[in-house]
Each structure stands twice: as C-alpha cells, then as structure tokens.
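Examining the three-dimensional arrangement
This is what each chain is made of:
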Amino acid sequence: MKITHLSAECYPVAKVGGLADVVGALPKYQNDAGFTAEVIMPFYDNKFTQSEEFSVIFKSKLNLGKQEFPFEIKTWNHSNIGFNLYLVDVPELLFKDYVYSMDDTDRFLAFQIAALNWMLTWDEKPTTVHIHDHHTGLIPFMMTQCSDYAALKNIPTVLTIHNAQYQGWFSHSKVGLIPEFNFANVGLIDWFGNINPLASAIKCAWKVTTVSPSYMEELKKAANGLEGLLSAESAKCVGILNGIDWGVWNPETDAYLVENYSINTVEKGREVNKKWLCSRYNLNFEKPLFAFIGRLVGEKGADLFPKTFEKALQNENISIFLLGSGNDVVEAQLIALKKDFEGTYNAFIGYDEKLAHIVYAGADFILMPSRVEPCGLNQMYALRYGSIPIVRSIGGLKDTVTDISEKGGFGICHEEVTVSAITEAIERGEKLFENQEKYQKIRKKIMGINHSWDASALAYINLYKSLNQ
Ligand code: ADP
C-alpha cells in the first residue's frame with residue numbers, strides 16, 4: 001500500500017502550526033507499520049531550504065489558465081525523517097519567504113496541478129491520496145472531473161480537516177485556472193456562490209476525517225458555513241485523534257532542552273529548564289509559571305489574553321509567560337503589559353521552536369483557552385513534558401484532558417472562554433501547585449500517558465484499506 005500525502009506544511013521543512021507536525025509525523029509511523037507513505041509539499045524560500053541540499057528528479061511545465069509556469073520536483077538529499085519527501089518548486093509562485101499570504105489561490109492551485117501532473121508520470125500510482133486542509137482541497141475534484149487526470153480517477157482520496165475555519169474561497173472569475181472539466185459539474189467546487197476548495201474536498205473525497213472525534217461532532221453544528229455539508233456527508237466522515245511524534249517530542253532526548261529528563265528525573269530536569277526560562281525572562285522561579293504557546297488568533301482566545309493576564313496577575317503569587325504572534329493589536333497590548341508586571345510576566349512575540357520546547361519543559365501549566373480546537377497538540381506535548389494543561393473543554397482538548405475533580409483526572413478544564421473563566425482556572429492551578437505532593441504525583445502520571453501516533457496511524461491505515469477492497 002502506497003499512501004501519498006499532499007500538504008502545504010510539513011515539519012521540519014515548513015511549519016506554521018499543528019498541520020506541519022501532523023504531516024511530519026503520521027507518514028513516519030505509517031512506514032514503521034510496514035506501509036509506504038510519502039509527502040509532497042511546496043518548495044518555499046526559507047531557512048530550511050536555504051541550508052539543506054536538494055536534487056531535482058523531475059522537470060515539467062504547468063498551466064494556470066493560459067499562463068505557463070515551469071516547475072521542478074525536488075528531493076531532500078540527506079533526508080532521515082522516516083519517509084520520502086518531495087518538494088514542488090514553482091519558482092515564480094511557490095518559492096516565497098512565506099507559507100500563506102494573499103496570493104494563496106494561484107500558488108496552491110499551481111502546487112496541486114504540478115503534483116498531479118507529476119503523479120500522472122508515475123509507474124506505480126498511489127493506493128490512496130491523502131490531502132490535508134483546503135490548500136490541497138481541489139485535488140479530489142481534479143482527479144475525478146478533469147480530463148487531464150482521467151488516469152487518476154479511480155484512486156481513493158482521503159481529506160483530513162485540520163481546521164475548517166479556513167476554506168480557501170475564491171471567485172468563480174478564476175474558474176479558468178482549473179484544468180478543463182465538464183462545466184455541468186461546477187457545483188462540485190461551488191459553495192454558496194464561491195469556489196470553495198474545502199467544501200469541494202468534502203464533496204469529492206472518498207472519506208473525510210477530522211483530527212479529533214469531538215471536532216467532527218462540533219463541525220456539524222459550527223463549521224464556518226459548512227455545517228450542512230458535513231451533516232449531509234456524515235456517512236463518509238470520521239474523527240481520528242492526532243498523535244504526537246514520540247521521537248521528536250521526548251524530554252529524555254530533546255536537543256532543544258537545557259536539561260533532558262525522564263519520569264524518574266523530572267523534578268531536577270524541569271527545575272533546570274524552568275530556571276533558565278525564569279532567568280532569561282526575568283520571572284521568579286519560585287512562583288507557579290503559567291504559559292501560552294501559539295498563534296494569537298480568536299480561535300485560541302488570544303483577544304482575551306491582555307485583560308485576562310492583567311486580572312490574573314493582580315495575584316502576585318503567580319507568573320505568566322507567552323510565546324506567540326499573529327495579531328498586531330493583541331501583540332501591542334501584550335508588549336505594553338510587560339511594564340506593569342515586571343518580574344511576574346513576560347512575552348516573546350514571534351516564532352521560536354527551541355523556546356517552545358523549553359517552555360513545555362519549564363512552565364508548570366500550559367494554558368489553552370481555545371474557542372475552537374480541532375485537536376490541539378500543545379496539550380499533548382505538555383503532558384509528555386510534565387506540564388499540566390489548563391484547557392477549555394472543546395474539540396480535541398475535550399478528548400484528551402480530564403479535570404482533576406474527576407476520578408483519574410489530571411488537568412484543569414473550563415467550559416467558557418471569558419476573562420473570569422480563564423482567571424478562575426489559573427487560580428485552580430495555583431491551588432494545585434500549593435499542594436506540591438499532589439502536583440508532583442499528577443506530573444508523573446501525565447508523563448506516562450501515551451499519545452504517540454501508533455494507534456492513530458493504524459486507524460488511518462484501516463480507513464485506507466476499507467477504500468481499497
Ligand atoms: P494550531 O495548528 O492551531 O496552530 P496546534 O496546537 O495544533 O495549533 O499546534 C501548534 C504547534 O505550533 C505546536 O507545535 C506549537 O508548539 C507550535 N507553535 C505555535 N506557535 C508557536 C510559536 N510562536 N513558537 C514556537 N512554536 C509555536
């Protein structure tokens with residue numbers, strides 16, 4: 001069985017959020033389980049592509065409407081990531097110093113067309129094509145409806161929705177950019193008057209998955225306009241919880257950490273990481289440290305952070321640290337807050353992979369007051385690193401974190417996304433931290449919870465098998 005994943009992001013080549021982590025890990029586990037899984041992604045102009053060596057294995061041209069663009073398929077020469085990785089280089093469109101921007105429509109259309117043009121030349125076609133989010137959402141349509149790709153028509157396709165908020169809409173005035181198809185079937189790409197790649201993928205893919213079971217149920221009620229479609233297609237929809245890359249996210253071997261540790265050495269190990277964090281960001285090591293890592297967007301509850309932190313930090317016995325970026329207004333407010341709470345609050349506005357790893361290993365609690373959380377990886381990294389998650393019970397957070405008030409519970413959960421609900425959850429965290437015996441016991445327990453990809457990778461394999469019988 002040969003599974004070909006197509007995605008806009010893949011760790012470690014290009015990462016904006018969880019999509020990269022998933023696409024960088026799932027194929028590795030599928031290969032380990034004895035199947036052949038590979039990834040096709042765009043070739044961006046970033047630190048990774050500048051510093052690594054690549055070989056060109058295929059050259060051709062693609063058409064976006066009447067315009068012709070040369071493209072190359074490259075492989076990474078020293079790949080040791082556990083799967084074959086292929087990068088689509090369309091110099092004029094994809095080779096940019098960003099992943100997403102205003103020109104996504106043309107760029108990702110070019111990516112999809114180039115990938116399919118290349119796939120047509122393969123002797124061994126994929127057993128299943130697995131696409132991820134709207135950036136690759138027109139592939140099932142093109143495979144089944146465009147005459148150019150008739151040879152790929154019968155290959156099963158699976159769509160995984162990592163985030164349904166973003167759908168890649170564009171105007172029908174650009175329909176000419178899509179390779180020729182029978183216009184009577186234009187409804188398969190349309191959703192309420194626009195071309196909607198995510199909606200099209202839901203309609204045309206053989207199976208649709210979401211990254212957690214709860215998110216699938218939630219999307220039937222709120223999916224940024226796609227609720228009805230998901231309900232109508234529910235027979236082919238299933239939620240499969242993401243795993244985490246057990247090899248990359250391992251406090252015993254993580255090269256980013258100041259000190260590595262295991263369950264047995266967690267106290268000492270986490271102390272060293274917390275001390276480094278606190279000394280670098282002028283925070284008091286003795287106080288419980290609550291941290292947030294992520295995109296500063298409404299889905300993560302980020303607009304509430306300035307007011308919430310201001311309220312929570314009236315209590316001088318706690319510290320808060322934030323690592324994130326994404327909204328100019330919120331960023332400015334979070335920076336302004338620094339002068340009012342020197343010594344108990346700090347923020348790094350930007351993206352820093354190493355710092356993120358140290359925060360999981362050094363903070364006592366990880367905050368995730370999300371309004372929407374398809375799966376959420378941070379809480380699973382927090383668990384593995386022994387940092388207690390404080391989460392809003394939604395989506396994947398609901399599926400992975402149980403409140404300490406329940407039997408066997410190990411996290412702090414809240415129902416609402418309000419300044420007071422988040423502050424109260426932080427207060428509960430502070431109380432738990434005061435009871436060091438209980439806190440340490442929970443910490444050891446959560447480090448033993450296994451969220452590796454093993455089980456979920458097999459769930460996907462079983463799904464592919466059901467399509468290839
Ligand atoms: P989403 O995909 O919605 O952004 P996830 O929880 O699924 O959220 O995944 C977020 C991933 O991105 C995690 O690996 C997290 O550590 C990482 N991340 C997010 N923001 C930052 C940042 N500013 N610096 C470093 N890592 C970040």
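Remember, predicted model here, so these are calculated numbers, not experimental data.

**Side note on the overall build of the protein**
The secondary structure content of the protein amounts to 16 helices and 17 strands. In terms of overall size, the protein behaves like a compact globule, its C-alpha atoms giving a radius of gyration of 23 Å where 469 residues would be expected to give roughly 23 Å. Principal-axis analysis of the C-alpha atoms gives the protein an extent of 65 × 45 × 45 Å. Looking at the protein residue by residue over its 469 residues, the buried ones come to 59%. Accessible area of the protein: about 18400 Å², with a carbon and sulfur share of 49%. Across the protein, the mean location of the 44 positive side-chain charges is 3 Å away from that of the 55 negative side-chain charges.

**Digging into the site of the ligand**
Surrounding the ligand, one finds 19 residues, the nearest of these being Gly 18, Asp 21, Arg 295, Lys 300 and Tyr 360. Asn 378 is positioned such that a nitrogen or oxygen atom in its side chain is 3.1 Å from an oxygen atom of the ligand. Relative to its unbound accessible surface of 570 Å², the ligand loses 93% to contact with the protein. Listed by contribution, the elements that provide at least two residues to the shell around the ligand are helix H1 (18–32), strand E12 (289–295), strand E13 (319–325), helix H11 (353–362) and helix H12 (378–385). Per element, the largest residue contribution to the shell around the ligand is three residues, and it comes from E12.

**Regarding the environment of Cys 375**
By the element assignment, Cys 375 lies in the loop between strand E15 (365–368) and H12. Here the alpha-carbon distance between Cys 375 and Gly 243, two residues 132 residues apart in the chain, equals 9.4 Å. Setting aside chain neighbours within four positions, we find Cys 375 in contact with Val 211, Ser 212, Leu 241, Asn 242, Met 380, Gly 396 and Leu 397.

**Examining the domain arrangement of the protein**
Its domain assignment divides the protein into domain 1 (2–243 + 454–467) and domain 2 (266–447). Using only C-alpha atoms to locate each centre, domain 1 and domain 2 end up separated by 33 Å. Counting from both sides, the interface comprises 18 residues of domain 1 and, opposite them, 16 residues of domain 2. With both chains or domains summed, domain 1 and domain 2 bury close to 1400 Å², and 55% of this area falls on carbon and sulfur atoms. The interface formed by domain 1 and domain 2 contains one salt bridge. Note that Glu 353 and Lys 15 form a salt bridge whose closest N and O atoms lie 3.4 Å from each other. Taken together, domain 1 and domain 2 are joined by nine residue pairs in polar contact (both at pLDDT 80 or more). Within the residue set of the side of domain 1 that touches domain 2, elements represented by two or more residues are H1 and helix H6 (213–219). Top contributing element to the side of domain 1 that touches domain 2 by residue count: H6, with four residues. Across the side of domain 1 that touches domain 2, the residue classes tally to seven nonpolar, eight polar and three charged.

The rules behind the values
- Residues numbered from 1 in each chain as written.
- Predicted model: local features only at pLDDT ≥ 70, side-chain atom pairs only at ≥ 80, totals over all residues.
- Heavy atoms only, no water.
- Helix = DSSP H or I, 4+ residues; strand = E, 2+ residues; numbered from the N terminus.
- Rg over C-alpha atoms; globule rule 2.2 N^0.38 Å.
- Buried < 20%, exposed > 50% of the residue type's maximum accessible area, 1.4 Å probe, protein only.
- Areas by Shrake-Rupley, 256 points an atom, 1.4 Å probe, with all protein chains shown as cover.
- Lys, Arg positive; Asp, Glu negative; His and termini not counted.
- Charge placed at Lys NZ, Arg CZ, Asp CG, Glu CD.
- Near = heavy atom within 4 Å.
- Polar contact = N/O pair within 3.5 Å; in protein donor to acceptor, adjacent residues only side chain to side chain.
- Contact = heavy atoms within 4.5 Å.
- Domains from an automatic or database assignment.
- Buried area = accessible area lost by both parts, 1.4 Å probe.
- Salt bridge = Lys/Arg side-chain N within 4 Å of Asp/Glu carboxyl O.
- Nonpolar A, V, L, I, M, F, W, Y, C, P; charged D, E, K, R; others polar.

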